[in-house]
Amino acid sequence: MYGGLILASVTEKEERKDANKPLIASIFFNRLEAGMRLDADITLCYGFSEPYETCTPSRIAQHLDDKGNEYNTRAVAGLPPTPISTIHVKSVQALFEAPKTDYLFYLHNKNGEIFPAKTNSEHNLNKSKEL
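Residues numbered from 1 in each chain as written. Predicted model: local features only at pLDDT ≥ 70, side-chain atom pairs only at ≥ 80, totals over all residues. Heavy atoms only, no water.

Points about the state of the cysteines
- According to the stated counting rule, one finds one disulfide in the structure shown.
- A disulfide bridge connects cysteine 45 with cysteine 55, and the sulfur atoms are separated by 2.2 Å. Across the S-S bond of cysteine 45 and cysteine 55 the torsion is about -85°, and the bridge reads as left-handed. Here the residue cysteine 45 occupies a position in helix α3 (residues 41-47), and cysteine 55 occupies one in the loop between α3 and α4 (57-62), the gap between them amounting to 10 residues. With respect to class, cysteine 45 is no different from cysteine 55; both count as buried. (Disulfide = S-S within 2.5 Å. Helix = DSSP H or I, 4+ residues; strand = E, 2+ residues; numbered from the N terminus. Buried < 20%, exposed > 50% of the residue type's maximum accessible area, 1.4 Å probe, protein only.)

So, the packing of aromatic side chains
- Taken as a whole and judged by the stated rule, the model has two aromatic pairs.
- Summarising the aromatic geometry, the rings of phenylalanine 28 and tyrosine 106 are spaced 6.2 Å apart at their centres and angled 75° between planes, so their arrangement reads as edge-to-face. One end of the pair, phenylalanine 28, is in helix α2 (residues 21-33); the other, tyrosine 106, is in strand β1 (residues 105-108), and 78 residues separate them in sequence. Pair check on accessibility: phenylalanine 28 and tyrosine 106 agree, each one buried.
- The ring of phenylalanine 48 has arginine 59 lying over it, and the distance from NZ or CZ to the ring centre is 3.9 Å. (Phe/Tyr/Trp six-rings, centres within 6.5 Å; stacked < 30°, edge-to-face > 60°. Lys NZ or Arg CZ within 6 Å of the ring centre and 35° of its normal.)

Spelled out as structure tokens, the structure:
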């Protein structure tokens, strides 16, 4: 149950749009089931005690492999040790409403639209597009 709260908190901070949260939860479930890292940038920022708004992509990139930050799900497998935010009911519901998918990757465009991918190749193709 505590793991669910942790995952709901990561979903809360990774996805701002309530309608998208079940898909993000599905991707996180798939990653955990496949033995992958969560790779959620927001957890790395939480370990810096820094809000995502000021935790820039360049700062994140400099610390991707930092295993000393126990919240860095880019380097440390599994869930972070504690929740990383206040959890709203929509993020908890997202765990229960997560659709069965084969997606393992996602990215957002400037408008917050999600582009999921099943493979790293598909994900890289999404990255190369002007979204």
